[in-house]
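Descriptive analysis of the structure
What follows is the residue order along each chain.
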Amino acid sequence: MIPRRKPVSPEAEQKFAADQALAARFDELLAEARVAEQELRDAEAANVPLTERYRLAKRLDAALTAAMRAAYAAERVTIGPLGYEDRIYRRKARATPPVRVWSAEAERLLTLRESHQLTGIPRVPRTPAAGGSDELAPGFQPARTGTVTTR
């Protein structure tokens, strides 16, 4: 006797549909990441101000994140809706060549994103407060009880 497979729950179907929508945008999101990277590289070559390079670096980070999430969604879509609930089914499906392709792409984008976060986002110097660093907080009244000595 062959046991019947569990039916897919409505929650898994909803997750699967959401992942299908995100995975369908993968090529578009990857193209956005490539454009953002090229803009950042052009800005670095032109030596634009640090604040503009920071903005472009954050844009690249967001684009890489979106593309990476779409790749992971494509991996889950390739596995199928049963993979959301059945860990054995998911584990076996992850060993198939189509899923491995998406896993490798998602991991590549994750590595690119982490590398960019560690080394590609420039540090922007903080701007000082309007009144300077000697200004006290509003409403603060120092106590006038004599001198204070520290030892």
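First things first, this report covers the structure right here in the doc. (Residues numbered from 1 in each chain as written. Predicted model: local features only at pLDDT ≥ 70, side-chain atom pairs only at ≥ 80, totals over all residues. Heavy atoms only, no water.)

When its secondary structure is counted, the protein shows five helices and zero strands. Of the regular secondary structure in the protein, the N- to C-terminal order runs α-α-α-α-α. Within the span of the protein, comprising 151 residues, buried residues form 28% of the whole. (Helix = DSSP H or I, 4+ residues; strand = E, 2+ residues; numbered from the N terminus. Buried < 20%, exposed > 50% of the residue type's maximum accessible area, 1.4 Å probe, protein only.)

Grouped together as the largest cluster of nonpolar side chains are 19 residues, with contacts concentrated most on F26 and L109. Mapped onto this core, the elements with two or more residues apiece are α2 (26-46), α3 (50-79) and α5 (97-120). Counting residues per element, this core draws most heavily on α3, which supplies nine residues. The residues contacting L109, other than those within four sequence positions of it, are F26, L30, L64, A67, M68 and A71. (Core = buried A, V, L, I, M, F, W, Y, C linked by side-chain atoms within 4.5 Å. Contact = heavy atoms within 4.5 Å.)

Attention now moves to the pattern of salt bridges. If you walk through the whole model with that rule in mind, you get nine salt bridges. Of the charged contacts in the structure, one is a salt bridge between R41 and E37, with a shortest N-O distance of 3.7 Å. Pair noted here: R41 and E37 are both in helix α2, with a separation of four residues, about one helical turn. We note a salt bridge from E39 to R59, for which the minimum N-O separation is 2.2 Å. Of the two residues, E39 is situated in helix α2 and R59 in helix α3; the sequence distance between them amounts to 20 residues. Using a relative accessible area of 36% as the deciding quantity, one classes R59 as partly exposed. (Salt bridge = Lys/Arg side-chain N within 4 Å of Asp/Glu carboxyl O.)

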